[in-house]
Amino acid sequence: MRAYNLHKILIALTLTTLTFSFTSLFAFAKADYIIRNFSLGRKSWEEFNVTYTIQNTTSGVTDIKPSEYKIEMLGEDGTILKTFHNKNQFTIDDKNLGSGEKLTFKLSLFIKGNVVTAEKTAYASQKSVVLDNNVNLPLENHISVGDVKIACKLMRTKFNNVDKWETIGTFNDVAVSLFISNGNVNDYVEVPLNAKNTSFDLAQYKHYDDLKMQMERDLRKQNTALIKYYFQFVWDRNTYIVEGGSKNINVKADENIAIVKSYSTDIQKLVTTNNYNKTTISASAE
């Protein structure tokens, strides 16, 4: 019985020693290489290059080449947007990145069964929208037809000269919607726009009855009603909300129609992105 127990103890000690040895060797192998002098260079908003040195932590040798490597570009939400394999020079599509979006570039090197990584941070360009719009909103008892004329340009700061702007997109590059509201987040109408000059019938869209009822109530009680409208631009993976204008409508006893007109050529700097949801209407411009 004692010999049997001794045999079990010896087996257990042997297994423990082997496990410790393998673990130590594995840990040593993982620590064999480190990345030194990882640099992320940039020639423009789109063009990047990387340089680095691999060092053997045991020998100190730095003249080491990986068997392969990759660079992953992660967006601000952690999503991998693009992967570059075995390229130390690469380009990205800055136009379709968020305004000032934080980007993480993760370098992964594969060396003799080891994987070593390093990260660098960069930022997308700041974006703005130049918006020219003219919106007519008749609010007669049985008339809901309006029209809108709109022109827009997506702009960004010039590389290495943030005081100047350049055009990188137009109306044709985006999906545009007009949101009409009286200031109540539950009473708004969304009108998809597919042309630069278009007519629309608010009665065809969801929430029109609620909007009309609320405005009629305001006109009856206060002899005034507020109209607000916003433009939503869907540019690739980004949604920008820009305030189009607002106006207080004052209706006398003998008047039953009100028209809102607004024309703006101001550049509105987008300070946030992807912040629109169906429970609130807010502008991401200032």
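Criteria and cut-off values
Residue numbers run consecutively from 1 along every chain, following the written order of its sequence. pLDDT decides what is reported in this predicted model: residues at 70 or higher carry local features, side-chain atom pairs at 80 or more are listed and counted, and totals for whole chains, interfaces and linings draw on all residues regardless. Hydrogens and waters are ignored; side-chain quantities use all the structure's heavy atoms. The pocket and cavity definitions rest on a 1 Å grid over protein atoms only: a 1.4 Å probe that fits but cannot leave marks a cavity, an open set with protein on both sides within 12 Å along at least five of seven lines marks a pocket, and residues lining either have an atom within 4 Å of a point. Grid points are joined across faces, edges and corners, and a volume is the space filled by probe spheres set on the points. Secondary structure is summarised from DSSP: a helix means a run of H or I of at least four residues, a strand means a run of E of at least two, and numbering begins at the N terminus for each. In this text, buried Ala, Val, Leu, Ile, Met, Phe, Trp, Tyr and Cys residues form a nonpolar core when linked through side-chain atoms within 4.5 Å. Here's how the labels work: a residue is buried when its accessible area is under 20% of the maximum for its type, exposed when over 50%, partly exposed in between, all with a 1.4 Å probe on protein chains only. We call two residues in contact when some of their heavy atoms are within 4.5 Å. Two strands pair under a simple rule: DSSP has to find at least two bridges between them. Axis definition: a line fitted to C-alpha atoms, over the contacting stretch in the case of helices. Angles run 0 to 180 degrees between N-to-C directions. Between the rings of Phe, Tyr and Trp (Trp by its six-membered ring), a pair exists once the centres lie within 6.5 Å; its type follows the angle of the planes, with under 30 degrees stacked, over 60 edge-to-face, and the other angles tilted.

Student: Help me understand the layout of surface pockets, please; the structure alone is not making it clear to me.
Tutor: Where empty space is left can be seen by rolling a probe of water-molecule size over the atoms. For the second largest pocket, the calculated volume is near 160 Å³. For the second largest pocket, the full set of lining residues is V50, T51, Y52, T53, I54, T62, D63, I64, K65, P66, Y69 and N88. No other element matches strand β2 (residues 47–56), which puts five residues into the lining of the second largest pocket.

Student: Explain the nonpolar core here, please?
Tutor: For soluble globular proteins, nonpolar side chains are generally found buried alongside one another. Formed by 30 residues in total, the largest nonpolar core has its most connected members in I150, L178, F231 and F233. Secondary-structure elements contributing two or more residues to this core are β8 (127–136), β9 (145–158), β11 (175–181), β12 (188–193), α2 (208–222), β14 (224–235) and β15 (238–250). Looking at this core, the element that brings in the most residues is β14, giving six residues. Other than its neighbours up to four places away in sequence, L178 contacts V135, V189, E190, V191, L193, F200, Y229, Y230 and F231.

Student: For this particular structure, what's the right way to read the side chain of D94?
Tutor: If you trace the backbone, D94 turns up in the loop between β5 (89–91) and β6 (102–111). Apart from the residues within four sequence positions on either side, D94 is in contact with R42, W45, E46, A124, S125, K127 and R156.

Student: In this structure, what is going on with the sheet that holds β6? I would like to understand it.
Tutor: Backbone hydrogen bonds are what pair the strands of a sheet, in a parallel or an antiparallel way. A sheet is described by the order of its strands in space; here four strands give the open sequence β4-β3-β6-β7, paired in antiparallel fashion. Here the strands that pair on one side only, and so sit at the sheet edges, are β4 (80–85) and β7 (114–123). Going from strand to strand, the sheet's axes swing by 20° on average, the running direction of each strand aside. Taken together, the ten bridges between β6 and β7 define a ladder with antiparallel strand orientation. When the sheet's bridge partners are listed, L107 is paired in β7 with A118.

Student: Could you clarify how one ought to interpret the packing of aromatic side chains in this entry?
Tutor: The geometry of an aromatic ring pair comes down to the distance between the two centres and the angle between the two planes. Enumeration according to the criterion identifies eight aromatic pairs in this entry. On the basis of an interplanar angle of 5° and a centroid distance of 5.6 Å, the ring pair of F48 and F90 is categorised as stacked. Here F48, found in strand β2, pairs with F90, found in strand β5; they are 42 residues apart in sequence, far enough to count as distant. Of the two residues, F48 and F90, neither departs from the other in class, the shared state being buried.

Student: Could you clarify how one ought to interpret the sheet that holds β5 in this entry?
Tutor: Spatially, the three strands line up as an open sheet ordered β1-β2-β5, and their pairing is antiparallel. Of all strands in the sheet, those bounded by a partner on one side alone are β1 (33–42) and β5. For this sheet, the mean inter-axis angle between neighbouring strands, taken without regard to orientation, is 25°. In this structure, β2 lies alongside β5, joined through three bridges in antiparallel fashion. Looking at β5, one finds that E47 is bridged to T91.

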